[in-house]
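# Fold and geometry: a report
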Amino acid sequence: RSAPTACGPYEILRVIGEGSMSTLYLARHRQLKRIVALKRLKPHAQSDELSARFEREMRLASQLVHPNLVTILDHGRAPGGGFYYTMEYIHGLTLSQWVERHGTVAPDRAVRLLRQICAGVAVMHERKLLHRDIKPDNVMAYAAHDDYDLIKLLDFGLIKDLDLTASRDLTRDVRVLGTPAFMAPERLLDPRLVDPRTDLYGIGCIA
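Residues numbered from 1 in each chain as written. Predicted model: local features only at pLDDT ≥ 70, side-chain atom pairs only at ≥ 80, totals over all residues. Heavy atoms only, no water.

### Details of the overall build of the protein
- What the protein contains, in helices and strands, is 5 helices and 11 strands.
- Long-range pairs, those at least 24 residues apart, make up 57% of the contacts in the protein between residues at least 6 apart in sequence.
- Of the roughly 11,300 Å² that the protein leaves accessible, carbon and sulfur atoms contribute 53%. (Helix = DSSP H or I, 4+ residues; strand = E, 2+ residues; numbered from the N terminus. Contact = heavy atoms within 4.5 Å. Areas by Shrake-Rupley, 256 points an atom, 1.4 Å probe, with all protein chains shown as cover.)

Written as structure tokens, this is what we have:
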């Protein structure tokens, strides 16, 4: 299919990220002229289960408001079916890109970044939500200079509500969800074994 040119009131400008199930676009609201990041399920991923997971991601992530968590702004139905949602667009580098471009992060700077990651994750845990995919690619650094490094935790695709027992993690095709190098080992044995320590393990791997 040709790339979409619009979703609801948003004009699609270009692709800025892509995963196996969804595409992230740079988009602009036609009336407000606000630049946003727009996430949309790919056509092949619009099964009932994946659509339900995407809708859950959108609903749970929209409850989170914190300076170190990316803010969800809007949602709607995409042309041709499926859902999309928009979030604030952060112009910066992921921690992976930062290290690739600038080398090792000094210890005092690393501590500043880690404290902000912990602050954002703490808010999630207070609401009984787990991120479950904390890794350098999902942490965006911006306004990064001197003592004013700011970060945003991104990508709530694996967000889990600990109070929602009906939340399904297992499908016929996917047994383990996450990025192996940053996953707590017990999750490889049993994906149901998750609690707040799962996110702390990912933060430790980033450190």
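Having put the structure on the table, let's press on.
### Remarks on the pattern of salt bridges
- Per the counting criterion, the structure on display carries 9 salt bridges.
- Of the charged contacts in the structure, one is a salt bridge between Lys-39 and Glu-57, with a shortest N-O distance of 2.8 Å. Here Lys-39 is found in strand E4 (residues 35-41), whereas its partner Glu-57 is found in helix H1 (residues 48-61), with 18 residues between them in sequence.
- Judged by its relative accessible area of 4%, Glu-57 falls in the buried class.
- Note that Arg-197 and Asp-195 form a salt bridge whose closest N and O atoms lie 2.6 Å from each other.
- Using a relative accessible area of 60% as the deciding quantity, one classes Arg-197 as exposed.
- Ionic contacts of the salt-bridge type, sharing partners, join the residues Lys-39, Glu-57 and Asp-155 into one network. (Salt bridge = Lys/Arg side-chain N within 4 Å of Asp/Glu carboxyl O. Buried < 20%, exposed > 50% of the residue type's maximum accessible area, 1.4 Å probe, protein only.)

### Comments concerning the sheet that holds strand E9 (residues 139-142)
- Read from one edge to the other, the open sheet built from 3 strands follows the order E7-E9-E10, with strand pairing classed as antiparallel. The open sheet has two edge strands, strand E7 (93-94) and strand E10 (150-153), and neither has a second partner.
- Across the sheet, helix H3 (residues 107-126) is in contact with E9 and E10; its angle to E10 comes to roughly 35°. (Pairing = 2+ DSSP bridges. Axes fitted to C-alpha atoms, helices over the stretch in contact; angles between N-to-C directions.)

### A closer look at the sheet that holds strand E2 (residues 10-18)
- Strand order across the open sheet formed by 6 strands is E1-E2-E3-E4-E6-E5, with antiparallel pairing between neighbours. Here the strands that pair on one side only, and so sit at the sheet edges, are strand E1 (6-7) and strand E5 (72-77).
- Taken together, the 7 bridges between E2 and strand E3 (residues 22-29) define a ladder with antiparallel strand orientation. Looking at the pairing, Ile-12 lines up with Ala-27 of E3.
- With respect to the sheet, H1 is in contact with E4, E5 and strand E6 (83-88), its orientation differing from that of E6 by roughly 30°.

### Description of the nonpolar core
- Leu-95, Ile-117, Met-124 and Phe-156 are the most contacted members of the largest nonpolar core, which has 35 residues in total.
- In terms of residues, this core owes the most to one element, H3, which gives 6 residues.
- Once residues within four sequence positions are removed from consideration, Phe-156 is found in contact with Glu-57, Ala-61, Leu-64, Leu-69, Val-70, Met-124 and His-131.
- Listed in part, the 9 residues of the second largest apolar core include Tyr-25, Ala-27, Leu-38 and Tyr-84. (Core = buried A, V, L, I, M, F, W, Y, C linked by side-chain atoms within 4.5 Å.)

### Quick notes on the packing of aromatic side chains
- Taken as a whole and assessed by the stated rule, the structure comprises 2 aromatic pairs.
- When the centroid spacing of 5.5 Å and the interplanar angle of 35° are considered together, the rings of Phe-54 and Tyr-85 count as tilted. Here Phe-54 is found in helix H1, whereas its partner Tyr-85 is found in strand E6, with 31 residues between them in sequence. Residues Phe-54 and Tyr-85 agree in their burial class; the two are buried. (Phe/Tyr/Trp six-rings, centres within 6.5 Å; stacked < 30°, edge-to-face > 60°.)

### Overview of helix H5 (residues 196-206)
- Of all the residues in H5, the buried ones are Thr-198, Asp-199, Gly-202, Ile-203 and Ile-206. One side of H5 carries all its buried residues, which in axial view fall inside an arc of 140°.
- If you follow the buried residues of H5, they end up packed against helix H2 (95-102), H3, strand E8 (129-130), E9 and helix H4 (185-189). (Arc of directions from axis to C-beta.)

### So, the pairing of E5
- Relative to E6, E5 runs antiparallel, the two sharing 5 bridges. Paired with Asp-74 across the strands is Thr-86, a residue of E6.
- Adjacent in sequence and paired antiparallel, E5 and E6 are bridged by 5 residues, among which Gly-80 carries a positive phi angle near 90°.

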